[in-house]
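Structure at a glance
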Amino acid sequence: MSTLDNLARRLQELKQERRAIILAHYYQRAEIQDVADFVGDSFGLSQQAAATDAEVIVFCGVHFMAESAAILSPEKTVLLPEPRAGCPMADMIDAEALRAFKAQNPDAAVVSYVNTSAAVKAESDICCTSSNAIKVVNSLDAKRIIFTPDRNLGRYIARNTDKEVIVWEGYCHTHDHLTLEQFEQKKREHPQALTVVHPECRPEVSAAADHVASTAGMLKFVRESDAKEFIIGTEGGILHLMQKQNPDKRFYLASPDLICPNMKANTLEKTVRALETMEPKIAVPEEIRRKAVQALDRMLAIK
Ligand code: 13P
Ligand code: SF4
């Protein structure tokens, strides 16, 4: 039996002992996705975990995702297998910087992408995901919107709303790395393929794509499409599930550099160790949690 099989078996035993569930983001390594109870997008996973009676959540993703799980499930223990798995984009803003920016724009409402720390969520009027961002912005009474932290998603929203969007200059290294030239080259290599990209890509890349969607939206699009080939502009881990769900279709990553080193920092071995040691735990101070959950609840109230 291979090392991975042994680890997967040990994980099953520990899951029972600890009454734990394993969550894996679509960008996780294939062997982690294969043992997870739920594979999904960042916020959807936290919602699924909150709806279970598990006592322990092992979040195979990055730090802000584990925090979201802790915000929605304060009674559960949340573990992040690799504690240094952060999101560099989420780290491009903190609560203090946001407070100062709000003071400069007192009439603007603050919309923060779920890719933010709990402390930034707590300073925001409302949160959004990449799938509901335009709807969230349009639902607000304010005419001016501060959007944090992703400039590319912010500009994508600005193109699709009448409101003035003041964009925080954060970005995801992984998605922002993809240039229009690389994207066009990939299209020339696969002229039959439809192109689907995440809104964290540069505006000129999103503008040149057939479809722009969140991770869950991409999976739905390729499942429902009659096309047989797709060029995918998001983190490469998503190809594992795409291929599994659509064995008759072909998927090409828009660039070999579409890999998030933080997402890949979790391993099956670290996941097993997290359940053995019940560390590292991710917790959110109650005062911050209470405010952050309000920003998330406001988002969930929008139909
Ligand atoms: P989703 O919210 O679409 O899962 O994306 C998370 C993320 O980190 C994108 O880079
Ligand atoms: Fe953050 Fe980008 Fe990695 Fe997503 S892919 S976790 S936005 S660094």
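Residues numbered from 1 in each chain as written. Chains lettered and ligands numbered in written order. Predicted model: local features only at pLDDT ≥ 70, side-chain atom pairs only at ≥ 80, totals over all residues. Heavy atoms only, no water.

Side note on the overall build of the protein
When helices and strands are tallied, the protein shows 15 helices and 12 strands. For a compact globule of 303 residues, the expected C-alpha radius of gyration is about 19 Å, and the protein comes in at 19 Å, within 12% of that figure. Once the C-alpha set of the protein is aligned to its principal axes, its extents read approximately 55 × 55 × 30 Å. Relative to its 303 residues, the protein shows a buried fraction of 56%. Put simply, the protein shows about 13,100 Å² of open surface, and 49% of that area lies on carbon and sulfur atoms. (Helix = DSSP H or I, 4+ residues; strand = E, 2+ residues; numbered from the N terminus. Rg over C-alpha atoms; globule rule 2.2 N^0.38 Å. Buried < 20%, exposed > 50% of the residue type's maximum accessible area, 1.4 Å probe, protein only. Areas by Shrake-Rupley, 256 points an atom, 1.4 Å probe, with all protein chains shown as cover.)

Notes on helix 14 (residues 268-277)
For helix 14, the full list of buried residues reads Leu268, Thr271, Val272, Ala274 and Leu275. Within helix 14, the buried residues cover an arc of 155° as seen down the axis, which keeps them to one side. Looking at the buried residues of helix 14, the elements they touch are helix 1 (3-18), strand 1 (20-25), helix 2 (30-35), strand 3 (56-60) and strand 4 (77-79). Methionine 278 sits one or two residues past helix 14 and shows a positive phi near 55°. (Arc of directions from axis to C-beta. Contact = heavy atoms within 4.5 Å.)

A closer look at the site of ligand 1
In the vicinity of ligand 1, the residues found are His25, Tyr27, Asp41, Ser42, Met65, Asn115, Ser130, His175, His198, Glu200, Ser214 and Thr215. Contacts to ligand 1 include histidine 25, whose side-chain N or O atom sits 2.7 Å from an oxygen atom. One of the side-chain N or O atoms of threonine 215 is found 2.8 Å from an oxygen atom in ligand 1. Against a free-state accessible area of 300 Å², the protein chains account for coverage of 94% of ligand 1. Of the residues belonging to the shell around ligand 1, the class tally is two nonpolar, eight polar and two charged. (Near = heavy atom within 4 Å. Polar contact = N/O pair within 3.5 Å; in protein donor to acceptor, adjacent residues only side chain to side chain. Nonpolar A, V, L, I, M, F, W, Y, C, P; charged D, E, K, R; others polar.)

Some points on the sheet that holds strand 7 (residues 144-148)
Read from one edge to the other, the open sheet built from four strands follows the order 6-5-7-8, with strand pairing classed as parallel. Edge strands, defined here as strands with exactly one partner in the open sheet, are strand 6 (126-128) and strand 8 (164-167). Each adjacent strand pair in this sheet contributes to an overall mean axis angle of 30°, direction not counted. Here three bridges tie strand 5 (residues 109-113) to strand 6, and the two strands are oriented parallel to one another. The residue of strand 6 that forms the bridge with serine 112 is cysteine 127. (Pairing = 2+ DSSP bridges. Axes fitted to C-alpha atoms, helices over the stretch in contact; angles between N-to-C directions.)

Points about the packing of aromatic side chains
The tally for this structure, following the rule as stated, stands at two aromatic pairs. Note on phenylalanine 101 and tryptophan 168: the rings are 5.1 Å apart at their centroids and 85° apart in plane angle, and the pair reads as edge-to-face. Here phenylalanine 101 is found in helix 5 (residues 95-104), whereas its partner tryptophan 168 is found in the loop between strand 8 and helix 9 (173-176), with 67 residues between them in sequence. Each member of the pair, phenylalanine 101 together with tryptophan 168, is buried. Here phenylalanine 230 and phenylalanine 251 contribute two aromatic rings whose centre-to-centre distance is 5.5 Å and whose plane-to-plane angle is 20°, an arrangement assigned as stacked. One end of the pair, phenylalanine 230, is in strand 11 (residues 229-233); the other, phenylalanine 251, is in strand 12 (residues 250-253), with 21 residues separating them in the sequence. Taking the relative accessible area as the measure of exposure, phenylalanine 251 reaches 8% and is therefore buried. (Phe/Tyr/Trp six-rings, centres within 6.5 Å; stacked < 30°, edge-to-face > 60°.)

A word on the sheet that holds strand 3
Paired through backbone hydrogen bonds, the strands of a sheet run either parallel or antiparallel to each other. If you trace the four strands from one edge of the open sheet to the other, you get 2-1-3-4, paired in parallel fashion. On the outer flanks of this sheet lie strand 2 (38-40) and strand 4, each paired with one strand and no other. When the angles between neighbouring strand axes are averaged without regard to direction, this sheet yields 20°. Inspection of the sheet shows strand 1 paired to strand 2 by three bridges, in the parallel sense. The residue of strand 2 that forms the bridge with histidine 25 is glycine 40.

Considerations on the site of ligand 2
In the neighbourhood of ligand 2, the contacting residues comprise Tyr27, Val62, Cys87, Pro88, Met89, Asn115, Cys172, His175, Glu200, Cys260 and Met263. Residue classes in the shell around ligand 2 are distributed as eight nonpolar, two polar and one charged.

Focus on the environment of proline 261
For proline 261, the location among the structural elements is in the loop between strand 12 and helix 14. As for proline 261 and cysteine 87, which are separated by 174 residues in sequence, their C-alpha atoms are 9.6 Å apart.

Describing the side chain of threonine 116
The residue threonine 116 is located in the loop between strand 5 and helix 6 (118-122) in this model. Judged by its relative accessible area of 0%, threonine 116 falls in the buried class. Ignoring any residue separated from it by four or fewer positions in sequence, one finds threonine 116 in contact with Phe64, Ala90, Lys121, Thr148 and Pro149.

Observations concerning the side chain of asparagine 266
Tracing the backbone shows asparagine 266 in the loop between strand 12 and helix 14. Classification of asparagine 266 by relative accessible area gives buried; the value is 0%. There is a polar contact of 3.0 Å between the side chain of asparagine 266 and the backbone nitrogen of glutamate 82.

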